[in-house]
Structure formats: structure tokens, C-alpha cells
Amino acid sequence: MSSDSKAVEEHREDILNRSQTGASITLSPELFEQLYLSPKNNVKGQLRQTFGNPTPLALGGFLLCTTPLSMALLGWQGAGGFGAGANVGSYFYMGGLLLILGGVGEWILGNTFPATVFGLFGGFWFTFGATIVPDYGAYGLYSTTGSAADGLSQEQFYATFSFFLISMAMLCTVLAIASIRTNIFLFFILFLLIPTFGCLSASFFAVSNGNASNALTYQHAGAGLLLAVSFLGWYMFLALVLLSVDFPFALPLLDLSTVIPGRTQRTPREHHD
């Protein structure tokens, strides 16, 4: 091997911070967390050397829904409407489909936490898309005049749907707590989604109570938070894509998995003490 080729190879290994052992490749905890958004775990077999990384695919699908939705809810350039229904196709085939596929890919690789996050958010986008598609009848079951034979009214629809958004805020609370062992950016994304869903649910409750002014205020607050989530997500997506092509430099995600030791890492030390 020439000196130039050897230097290139050493540079590549230095950037990825990998160590070669036999026929397998072991990733450092920091690099593993940056690639998979999960603390490093031990899984039998060579699946991670056989299959590609599904994380950027799922994250990209999430961003291609949250970014336009946040801008539409802010009313930019006259955009708007219930759930920004003009983009319902992206909710199904970008958010829902790609997140589910990414979650399945993470599950195959043995990465439980990202598989859970991607799977649940994929289900959210499918649910949200189905809610605003007329053929599913979610909105059509409620009368716009409140005089339907079954007693359902438009106000009841908004109040009922708000509880689903509150449940999403509760879900993000649990995921945000767990993400403390991943990286700063993922933690803040999940943390900001808690008030995001809270503001959007408050907006729906305000609509159900006939308070249009407060509803718009809460909607814009939630949309602004969702836009901030999108910006953080785009940074993470860029970092993952650069790693996938072995770019000359890597963007830091501020890994926390080695800063905050896990229970299995602390237990042997406690037994020794």
C-alpha cells in the first residue's frame, strides 16, 4: 500500500473512530449514538454491517411533514386550513410510511429506543392523515350545525381530538426522559414537542368553546415551537447524511450516552464499592 493510500485510510478511521477486530467492526459509543440515536448495545450477529442505517430515512420523513405543517399553521403566504389538509399525502407517504419503515429497520438491528420513537410517530402521522381525509368519516360524523340526529356537534369533534394531542404530549414526556441518554438535539426535539402538542390541544379546546382569538394564538404558539423542532431536526439529518458518505468532517450532536452512565454500567461499580 502506498503512503498516500495509507494516510487516507488512517484519516478515514480517525473520523469514524472505529476499531477493527477480526472480521467485525466495533463502533465507539459516541459514534454509535450519533448513527442510531440510541446508547450503544450489544446485539449478536453482523446485522449492522449487513444492512444500512435506517435512521436518516425515518428522520427525513418526519421533517418533510413537520416543516410544511408548521409553516402552514403559522399562516405564511395565506396557507392554512384544518390540519393543512393540502399536504395530507405527505402525512401518509412521508411521515407515516417512512417512519414505520425506519422503525422496522431499527427493530431488526436491535435498536429498541429509536424503533419505538419512529414507530409511534409513524402511527401518529397515519392517524392524523386519516382524521382529515373525508372518506374516513372522522370529521364528517360531527354535524356543522349541532343538529345531527345522534347529537354530535362540530365543537365536540375539536374537543375530542384535543385529547389525542394531550396523549401525544404525555408520550413525548416519557420519550424525552429516556432521551437524556442519547444526545442534546434529540432531547430538545422531544422536549419541545411537549408544549407543541399542549398548545395545539389548547387551540382545539378554544375552538370547541367558540373562542377563535385564543385558538389562533395557541395555534401560532404551537406552530412556532414545531418550526423550532424542525430546525433542530434538519441539523440532525444533515449530521447523519454527512456520516453516511464519510464526509471529511462530522457535525457534533453532543452525545450524552457516555456522560450519563446507564444502570448496567453503574451496577458493577456499586457492587464493587
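Residues numbered from 1 in each chain as written. Predicted model: local features only at pLDDT ≥ 70, side-chain atom pairs only at ≥ 80, totals over all residues. Heavy atoms only, no water.

1. Things to note about the packing of aromatic side chains
(1) Moving on: One pass over the structure, following the stated rule, counts 23 aromatic pairs.
(2) Moving on: Between F187 and F188 the ring centres are 5.4 Å apart and the planes differ by 70°, which places this aromatic pair in the edge-to-face class.
(3) Moving on: A connected cluster of aromatic rings, assembled from ring pairs, spans Y91, F124, W125, F128, Y142, F157, Y158, F161, F164, F197 and F204. (Phe/Tyr/Trp six-rings, centres within 6.5 Å; stacked < 30°, edge-to-face > 60°.)

2. Here's the deal with the environment of L175
(1) Moving on: Structurally, the position occupied by L175 is in helix α7 (residues 154-178).
(2) Moving on: You can call L175 buried: its relative accessible area is 6%.
(3) Moving on: Sequence separation of L175 and T116 is 59 residues, and the distance between their C-alpha atoms is 9.2 Å.
(4) Moving on: Dropping the residues within four chain positions of it, L175 is found in contact with F113, V117, F121 and L190. (Helix = DSSP H or I, 4+ residues; strand = E, 2+ residues; numbered from the N terminus. Buried < 20%, exposed > 50% of the residue type's maximum accessible area, 1.4 Å probe, protein only. Contact = heavy atoms within 4.5 Å.)

3. Overview of the side chain of S179
(1) Moving on: Position of S179 relative to the elements: it lies in the loop between α7 and α8 (184-208).
(2) Moving on: In this structure S179 comes out as buried when scored by relative accessible area, which is 0%.

4. A few points about helix α5 (residues 88-109)
(1) Moving on: The end-to-end C-alpha separation of α5 is 30 Å, in line with the 32 Å expected for 22 residues at 1.5 Å each.
(2) Moving on: When we look at burial in α5, the residues that qualify are S90, Y91, F92, G95, G96, L98, L99, G102, G103, G105, E106 and L109.
(3) Moving on: Phi turns positive one or two residues past the end of α5, at G110, with a value near 90°. (Expected span 1.5 Å × (residues − 1).)

5. Structural notes on unusual backbone geometry
(1) Moving on: Unusually for a residue other than glycine, D246 sits at a positive phi of about 55°.
(2) Moving on: Take D246: it is sitting in the loop between α9 (212-244) and α10 (263-272).
(3) Moving on: Positive phi, close to 60°, is recorded for L254, a residue that is not glycine.
(4) Moving on: When you line up the elements, L254 lands in the loop between α9 and α10.

6. What about the packing of helix α4 (residues 55-73) against α9?
(1) Moving on: Running from amino to carboxyl end, α4 crosses α9 at an angle of 150°, the nearest separation of the two axes being 8 Å. By the angle between their axes, α4 is roughly antiparallel relative to α9. Considering how the two elements wind past one another, α4 and α9 form a crossing that is left-handed.
(2) Moving on: Across the contact of α4 with α9, the residue classes break down as 16 nonpolar, nine polar and no charged. (Axes fitted to C-alpha atoms, helices over the stretch in contact; angles between N-to-C directions. Parallel < 35°, antiparallel > 145°, perpendicular 65-115°, else oblique. Left-handed = near helix turned anticlockwise from the far one by under 90°. Nonpolar A, V, L, I, M, F, W, Y, C, P; charged D, E, K, R; others polar.)

7. Re the nonpolar core
(1) Moving on: Membership of the largest hydrophobic core comes to 48 residues, with the highest contact counts inside it found for F62, F121, W125, L190, L193, F197 and M236.
(2) Moving on: For this core, the secondary-structure elements that each account for two or more residues are α4, α5, α6 (112-132), α7, α8 and α9.
(3) Moving on: In this view, F121 contacts F62, L99, M168, C172, L175, L190, L193 and F197; residues no more than four positions away in its chain are not counted. (Core = buried A, V, L, I, M, F, W, Y, C linked by side-chain atoms within 4.5 Å.)

8. Observations regarding the UniProt feature "transmembrane region" (unreviewed entry) in the chain
(1) Moving on: The UniProt record annotates "transmembrane region" (unreviewed entry) at residues 57-79, 91-110, 117-137, 157-177, 184-205 and 225-245.
(2) Moving on: Span residues 117-137 is 76% helix and 0% strand, its end C-alpha atoms 28 Å apart.
(3) Moving on: Strand forms 0% of residues 157-177 and helix 100%; the C-alpha atoms that close the span are 31 Å apart. (UniProt positions renumbered as here; feature names shortened; annotations may be inferred.)

9. Digging into a nonpolar patch on the surface
(1) Moving on: Where nonpolar side chains cluster on the molecular surface, the patch consists of F51, I100, V104, W107 and I108 and spans about 500 Å² of accessible area.
(2) Moving on: F51 sits in the partly exposed class, given a relative accessible area of 46%. (Patch = residues over 30% accessible without salt bridge, like charges linked within 9 Å, V, L, I, M, F, W, Y side chains within 5 Å. Areas by Shrake-Rupley, 256 points an atom, 1.4 Å probe, with all protein chains shown as cover. Salt bridge = Lys/Arg side-chain N within 4 Å of Asp/Glu carboxyl O.)

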